[in-house]
Amino acid sequence: MGYPDEAKALPPPGIINRNSVWLGVVGWCTAMLENAINRRPPLKSGIHRQALLVSIGWFIGYHLTKYENYTYAKLDRDMNEYIRLHPEYFADKEKKTLAEILEPFHPVR
């Protein structure tokens, strides 16, 4: 996955992030499922395969998060630039107090 030079200016995502954890668990479950389909003890056999699939899932999740951060940063930059160029569309609204918004309360007994 090639990233543009702009993406290199962003801070790297944390090693432990939701995509890495999720795809690592998916990789581990894939190894368990393969062991179960081949009638091997799911937890005991193929530990090297389990570690490999968890590592692959973690790696893919890390780079997915990196790409996701770049995409959201690009969208934020474009949105802020649009707001800066068109301030007439984003004028501050008149601030109202809560008393002006709510209707008067008259209890019914």
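Residues numbered from 1 in each chain as written. Predicted model: local features only at pLDDT ≥ 70, side-chain atom pairs only at ≥ 80, totals over all residues. Heavy atoms only, no water.

## So, the overall build of the protein
The secondary structure content of the protein amounts to three helices and zero strands. In terms of overall dimensions, the protein has a C-alpha envelope of 70 × 60 × 20 Å along the principal axes. Out of the 109 residues belonging to the protein, those deemed buried represent 18%. Sequence separation of 24 or more characterises 66% of the internal contacts of the protein that already satisfy a separation of 6 or more. Just so you have it, the protein exposes about 9,300 Å², and 65% of that area is on carbon and sulfur atoms. The positive charge centre, built from 14 side chains, and the negative charge centre, built from 12, are 15 Å apart in the protein. (Helix = DSSP H or I, 4+ residues; strand = E, 2+ residues; numbered from the N terminus. Buried < 20%, exposed > 50% of the residue type's maximum accessible area, 1.4 Å probe, protein only. Contact = heavy atoms within 4.5 Å. Areas by Shrake-Rupley, 256 points an atom, 1.4 Å probe, with all protein chains shown as cover. Lys, Arg positive; Asp, Glu negative; His and termini not counted. Charge placed at Lys NZ, Arg CZ, Asp CG, Glu CD.)

## Concerning the packing of helix α1 (residues 18–37) against helix α2 (residues 47–85)
Where α1 contacts α2, the two axes come as close as 7 Å, and the packing angle between them is 150°. Here α1 is positioned roughly antiparallel relative to α2, judged by the angle of their axes. The hand of the α1/α2 crossing is right-handed. Per-class residue counts for the contact of α1 with α2 are eleven nonpolar, ten polar and four charged. (Axes fitted to C-alpha atoms, helices over the stretch in contact; angles between N-to-C directions. Parallel < 35°, antiparallel > 145°, perpendicular 65-115°, else oblique. Left-handed = near helix turned anticlockwise from the far one by under 90°. Nonpolar A, V, L, I, M, F, W, Y, C, P; charged D, E, K, R; others polar.)

## Looking at the confidence of the model for the protein
On average, residues of the protein score 91 in pLDDT, and 99% of them reach the 70 mark or higher. Element-level pLDDT for the protein is lowest in helix α3 (residues 98–101), with a mean of 86, against a maximum mean of 96 in α1. (pLDDT = per-residue confidence, 0-100.)

## Quick notes on the environment of Ala 31
Within the element layout of this structure, Ala 31 appears in helix α1. Considering only alpha carbons, one finds Ala 31 and Val 54, 23 residues apart in sequence, at a separation of 8.8 Å. Filtering out sequence-adjacent residues up to four positions away, Ala 31 remains in contact with Arg 49, Gln 50 and Leu 53.

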